[in-house]
Amino acid sequence: MSSSPVPVPAQSPPYGRPPLRTVQVLGGAGAGSSTHVRSLTNGLAARGVRVTVCAPAEAEGEYDFTGAGASFAPDAVSTLRAACAGADVVHAHGVRAGMRAALALRGSGPGRRAPLVVTWHGGAPDAEGALGRLTRLLERRVARAAAVVLGASTELVDLARMRGARDARLAPVAVPVPAGPEAAADPGKARAELGAVERPLVIAVGSLVPRRGYFVLLDAARAWRVLDPVPLLVIAGEGPLRAELARRIEAEGLPVRLLGRRRDAAELLAAADVAVLPSRWEGRSLLAQEALRAGVALVATAVGGVPELVGDAAVLVPYGDHGALSAAVAGLLGDPARRAALGAAGRSRAATWPSEDDTVAQVLSVYDELMARRRS
């Protein structure tokens, strides 16, 4: 789900100062945070900021940070430490990336340690057991190490404050607007490829991990077999649950296809009749944003930052209630007028969200504020 560069003219640093040097740290190749870093890199570089992205090699292959104007460095400990030692601001994306960045900065010595900004894109604030305890410990350490925490939703800002953040601010993450071939994709071609020319198409997009709620989604899909024609559910994403999901799909004869990770997920989404987000928790969901902007009717769980994001422009159901999820999707499939109304409401809602330029400007203002503190 990468995007074309934002057309912002390059600018020189003000008052003859050397260019601001930032390091963007990614802890993984998650679609939401990686897409944001790609967009942010493009906007910052266009404004004269020197950007180094430290991330897994597969993230560079997928999102082409160098093509957006960054220097790329693999996320090895020694490489990250060296990059942070030469930075004016270090900006980590996600709690794990924040922990790695905090440790790298600690290793760079106290003389000229760059301030740390951490954007919280998501997480699992209600995780239980050992995983929950570890998650809360990491969140506390990262929140206290950061000069500023930027939360993608109000709930994440509140969580950061609970974990001890000195300065936590709301910073919604913009989704890049498709351009070129992505914007002109033919929905009919996508539906033909998936085998949904004469049947409804339902789509979910996201990694195959427990918090995504895909087993609940399969429960809902089982109930759709009584519909005529039977809708096809496609899930675009990869992850550790793939084999278990595939076994259940085959054993129960469910009308579901696992597509794996797709570079054209946005085009597939635009071809769907209904998009589904069955997650146990979401921050500022990438799928929800892309569905509403594309005018695709969305059924989502009322969790995390989803209600704040979509407002009345989607059908919300409780997490874990496969009956409610099934009925909501079936109702929309049988009501084209309702789908069209939701599509129009989604586009209107999306028009109120911050643009990529707005997001870059907000982040840059935080950097400038931190630099002013260091100079004073």
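In this report, the structure presented in the accompanying data block is examined.

Definitions and cut-offs
Note on numbering: residues in each chain are counted from 1, in written sequence order. Thresholds applied to this predicted model are a pLDDT of at least 70 for local features of residues and 80 or more for the giving and counting of side-chain atom pairs; totals over whole chains, interfaces and linings are not thresholded and use all residues. Derived side-chain values reflect all non-hydrogen atoms in the structure, with water molecules and hydrogen atoms excluded from consideration. Among buried residues, those of type Ala, Val, Leu, Ile, Met, Phe, Trp, Tyr and Cys that are joined through side-chain atoms within 4.5 Å constitute a nonpolar core. The buried label applies to any residue whose accessible area, calculated with a 1.4 Å probe on protein chains only, is under 20% of its type's maximum; exposed applies above 50%, and partly exposed to all values in between. Comment: elements are numbered from the N terminus, with helices defined as DSSP H or I runs of at least four residues and strands as E runs of at least two. The contact criterion used is simple: two residues touch if any of their non-hydrogen atoms lie within 4.5 Å. Two cysteine sulfur atoms form a disulfide, by the criterion used here, when they sit within 2.5 Å. Axis angles are defined between N-to-C directions and span 0 to 180 degrees, where every axis is a line fitted to C-alpha atoms and, for a helix, only to the segment in contact. Angle categories are assigned with fixed cut-offs, so that under 35 degrees is roughly parallel, over 145 is roughly antiparallel, 65 to 115 is roughly perpendicular, and the rest are oblique. Note on convention: the crossing is left-handed when the near helix lies turned anticlockwise from the far helix by less than a right angle, right-handed when the turn is clockwise. Think of a salt bridge as a Lys or Arg side-chain nitrogen and an Asp or Glu carboxyl oxygen that are within 4 Å of each other.

## Points about the nonpolar core
Part 1 of the reasoning: Membership of the largest hydrophobic core comes to 35 residues, with the highest contact counts inside it found for Val25, Val90, Leu116 and Trp120.
Part 2 of the reasoning: Only β1 (21-26), α3 (77-85), β4 (89-93), α4 (95-107), β5 (116-120), α5 (129-145) and α6 (154-162) provide two or more residues apiece to this core.
Part 3 of the reasoning: Of the residues forming this core, the biggest block, 7 residues, is contributed by α4.
Part 4 of the reasoning: When near neighbours in sequence (up to four residues on either side) are disregarded, Trp120 contacts Val95, Glu139, Val142, Ala143, Val149, Leu150, Gly151, Ala152, Leu156, Leu159, Ala160 and Arg163.
Part 5 of the reasoning: Ala196, Leu201, Ala291 and Val296 belong to the second largest nonpolar core, which has 32 residues in total.

## Brief notes about the environment of Gly334
Part 1 of the reasoning: Looking at where Gly334 falls in the secondary structure, it is placed in the loop between α13 (322-333) and α14 (336-350).
Part 2 of the reasoning: Taking the C-alpha atoms as reference, Gly334 lies 9.5 Å from Leu227; in sequence the two are 107 residues apart.

## Points about the state of the cysteines
Part 1 of the reasoning: Across all of its chains, the model carries 0 disulfides by this definition.
Part 2 of the reasoning: Looking at the unpaired Cys54, the closest cysteine sulfur is the one in Cys84, lying at 6.3 Å.
Part 3 of the reasoning: The buried category is assigned to Cys84, whose relative accessible area is 2%.

## A look at the packing of helix α11 (residues 286-294) against α14
Part 1 of the reasoning: It is at 6 Å that the axes of α11 and α14 come closest, and there the two elements cross at 115°. Compared by their axis directions, α11 and α14 come out roughly perpendicular. For the pair α11 and α14, the sense of crossing is left-handed. Here α11 contributes Leu292, Arg293 and Ala294 to the contact with α14, which in turn contributes Gly343, Gly346, Arg347, Arg349 and Ala350.

## As for the pattern of salt bridges
Part 1 of the reasoning: Within this structure, the stated rule accounts for 19 salt bridges.
Part 2 of the reasoning: Between Arg373 and Asp167 there is a salt bridge whose closest N-O contact spans 3.6 Å. Of this pair, Arg373 sits in helix α15 (residues 356-375) while Asp167 sits in the loop between α6 and β7 (168-170), and the two are 206 residues apart along the sequence.
Part 3 of the reasoning: A residue is classified by how much of its surface remains accessible, and Arg373, at 42% relative accessible area, is partly exposed.
Part 4 of the reasoning: In this structure Asp167 comes out as buried when scored by relative accessible area, which is 18%.
Part 5 of the reasoning: We note a salt bridge from Asp219 to Arg222, for which the minimum N-O separation is 3.5 Å. Here the residue Asp219 and the residue Arg222 both occupy positions in helix α8 (residues 214-223), the gap between them amounting to 3 residues, near one helical turn.
Part 6 of the reasoning: Note on Arg222: relative accessible area 31%, which makes it partly exposed.
Part 7 of the reasoning: Each member of the salt-bridge network shares a partner with another, and the members are Asp167, Arg169, Glu369 and Arg373.

This is a description of form; function is not addressed.
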